[in-house]
Amino acid sequence: MSILPESDRPNPYSAYGAHGSVLVLNSGSSSLKYQLVNPVGGEAIASGIVERIGESSSPVKHTFAGNTTQREEQVADHAAALELALGLFGELGPDLAHAGVHAVGHRVVHGGELFSDPVLVDDDVLAKIRDLSPLAPLHNPANATGIEVARRLMGDVPHVAVFDTAFFQSLPAHAHTYALDREVARAHGVRRYGFHGTSHQYVSGKAARVLGRRVQDLNTIVLHLGNGASASAIEGGTPVETSMGLTPLEGLVMGTRTGDIDPAVVFHLVRNAGMSVDDVDDLFNKRSGIKGLSGENDFRELHAMIARGDEDAQLALDVYIHRLKKYVGSYAAVLGRVDVIAFTAGVGENDDVVRALVCEGMTGLGIAIDPERNAGRVSEPRIVSPAWAQTLVMVVPTMEELAIARQCIEVVDGLDPTA
Ligand code: AMP
């Protein structure tokens, strides 16, 4: 198979100019992450995070030109956080007035059934993002507040909302429909939406470009394994399955989330353990997964515990891998043929043990790992399967901010990324 270096192909974003940038904002319930991205070269010009907004002391981090500055500040709310971040650009660089900020891109978690593409933000879009809050009560209100504040402070540039759910809006009905009473489901928007869409779309497209193939010609399974984790089956560039559902709780075992679990566990705990629905929500989302099983959610620590003979840590890893294998197998059945399996995100890019274990014993499905190619952390896209294997197993680092930045300029400039 020929692999064209990407540098040999025209970069559709180069028309946009070498000096422009996009400010990408990710407003969480108590944090603000930002990254100034060059959408042509793809590099982060500067980045930072303000955490624990609203608490007595907020850790603040700003990185520019290889220098990271950290300090504690008092940050009352998201408006103060963004003002602080803009101030840090002035103080520590780069000066935003000279950085050619072309647009501000906002990561928004839930677009419901309303948004299947990134959109230019106006008052109506902002109101709709707020209206979708019942589907993502922790995230959408914070996303909307971040947009509101940013529009006030940076009113002279266009703002674009990029939705985590958008890519999966084209899932076929048989994949996004729960076998639930249809009236109840319709009345309350209960269906599978999928999340991490920006990453799944970027990684599947990037894998194809690295291989010198058209995404339309490939069937790909993307395994986004970070603290949150999700899988997708993508047929010719269109998603046909994904593991997250109405919320990001469904699917794979995650750092602190259960993933798939019998819903009757909720009834059982509410009826018999004296837990409220909010208690179970907190348990399933924050105190379960790898952390619930082993006490730790970071895979580096998990491996260290296993090396020390910790049986709970070993079981946590075994449960995690088993769930992944079930998803790979079922997605292979859905796709009929798997050309590429792409690992990405914190665990997928860095943990060669997890990659090897997921693919172990799958030669009957044409899936295998080459230990030498797989060894170590991966910062550039790489094939880690042996030459004889039918399926190309790859590691493709995700770049969600870059993907958001590029979607922004596509919306603002009407640029066709496939041109
Ligand atoms: P993300 O949510 O994509 O930022 O991924 C964060 C997770 O990646 C952490 O909680 C770790 O479990 C995992 N991770 C990061 N670095 C490594 C590493 N070098 N080896 C194994 N796991 C890692």
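Definitions and limits used
Residues numbered from 1 in each chain as written. Predicted model: local features only at pLDDT ≥ 70, side-chain atom pairs only at ≥ 80, totals over all residues. Heavy atoms only, no water. Helix = DSSP H or I, 4+ residues; strand = E, 2+ residues; numbered from the N terminus. Rg over C-alpha atoms; globule rule 2.2 N^0.38 Å. Buried < 20%, exposed > 50% of the residue type's maximum accessible area, 1.4 Å probe, protein only. Contact = heavy atoms within 4.5 Å. Core = buried A, V, L, I, M, F, W, Y, C linked by side-chain atoms within 4.5 Å. Phe/Tyr/Trp six-rings, centres within 6.5 Å; stacked < 30°, edge-to-face > 60°. UniProt positions renumbered as here; feature names shortened; annotations may be inferred. Near = heavy atom within 4 Å. Polar contact = N/O pair within 3.5 Å; in protein donor to acceptor, adjacent residues only side chain to side chain. Areas by Shrake-Rupley, 256 points an atom, 1.4 Å probe, with all protein chains shown as cover. Nonpolar A, V, L, I, M, F, W, Y, C, P; charged D, E, K, R; others polar. Pairing = 2+ DSSP bridges.

**Focus: the overall build of the protein**
A tally of helices and strands in the protein yields 15 helices and 14 strands. Since a compact globule built from 419 residues should have a radius of gyration of about 22 Å, the 21 Å found for the protein is in line with a globular shape. Each of the 419 residues in the protein was classed as buried or not, and the buried ones make up 50%. Long-range contacts, defined here as pairs at least 24 residues apart, represent 63% of the contacts in the protein between residues at least 6 apart.

**As for the nonpolar core**
Counting 43 residues, the largest nonpolar core has Leu 223, Leu 225, Tyr 320 and Val 354 as its most contacted members. Going through the elements one at a time, strand E9 (219-225), strand E10 (229-235), helix H10 (299-307), helix H11 (311-335), strand E12 (340-344), helix H13 (352-359) and strand E14 (392-395) are the ones with two or more residues in this core. Discounting residues that sit within four places of it in the chain, Val 354 has contacts with Leu 225, Phe 299, His 303, Leu 317, Tyr 320, Ile 321 and Val 347. If you look at the next biggest cluster of nonpolar residues, it comprises 29 residues, including Val 160, Ala 207, Val 210 and Ile 404.

**A closer look at the packing of aromatic side chains**
Here the structure, examined in full by the defined rule, presents five aromatic pairs. Taken together, a centroid distance of 4.7 Å and an interplanar angle of 55° make the contact between Phe 299 and Tyr 320 tilted. Separated by 21 residues along the polypeptide, Phe 299 in helix H10 and Tyr 320 in helix H11 bring together distant segments of the chain. According to the relative accessible area criterion, Phe 299 is buried, its value standing at 7%. Note on Tyr 320: relative accessible area 2%, which makes it buried.

**Structural notes on the UniProt feature "site: Transition state stabilizer" (unreviewed entry) in the protein**
Feature annotation in UniProt places "site: Transition state stabilizer" (unreviewed entry) on His 196 and Arg 257, given in this structure's numbering. Relative to the helices and strands, His 196 resides in the loop between helix H5 (182-188) and helix H6 (197-211). Residue classification places His 196 among the buried positions, given a relative accessible area of 11%. If sequence neighbours within four positions are ignored, His 196 has contacts with Arg 107, Asp 164, Phe 168, His 224, Gly 228, Ala 229, Ser 230 and Met 244. Within the fold, Arg 257 resides in the loop between strand E11 (238-242) and helix H7 (264-272). For Arg 257, the contacting residues outside a window of four places in its chain are Gly 228, Met 244, Pro 248, Leu 249, Phe 284, Asn 285, Ser 288 and Gly 289.

**Considerations on the site of the ligand**
Close to the ligand lie Gly 226, Asn 227, Asn 297, Asp 298, Phe 299, Arg 300, Ala 345, Gly 346, Val 347, Asn 350, Asp 351 and Arg 377. Asn 227 places a polar main-chain atom, nitrogen or oxygen, 2.9 Å from an oxygen atom of the ligand. Contact distances for the ligand include 2.8 Å between an oxygen atom and a backbone N or O atom of Phe 299. Contact with the protein chains covers 72% of the free accessible surface of the ligand, which is 500 Å². Those elements giving two or more residues to the shell around the ligand turn out to be H10 and helix H12 (345-350). When grouped by side-chain class, the residues that make up the shell around the ligand number three nonpolar, five polar and four charged.

**Overview of the pairing of E9**
Burial within E9 is extensive, with seven of its seven residues counted as buried. Alternating residues of E9 divide into Asn 219, Ile 221, Leu 223 and Leu 225 and Thr 220, Val 222 and His 224, and every residue in both groups is buried. Joining the antiparallel neighbours E9 and E10 is a turn of three residues. As paired strands, E9 and E12 are joined by five bridges and run parallel to one another. Bridge pairing links His 224 to Thr 344 in E12.

**Quick notes on the UniProt feature "binding site: substrate" (unreviewed entry) in the protein**
Sites flagged by UniProt as "binding site: substrate" (unreviewed entry) map to Arg 107. We classify Arg 107 as buried; its relative accessible area is 17%. Discounting chain neighbours no more than four positions away, the residues touching Arg 107 are Leu 25, Asn 26, Asn 143, Val 162, Asp 164, His 196, Glu 400 and Ile 404. Of the polar contacts made by the side chain of Arg 107, one reaches the side chain of Asp 164; its length is 3.1 Å.

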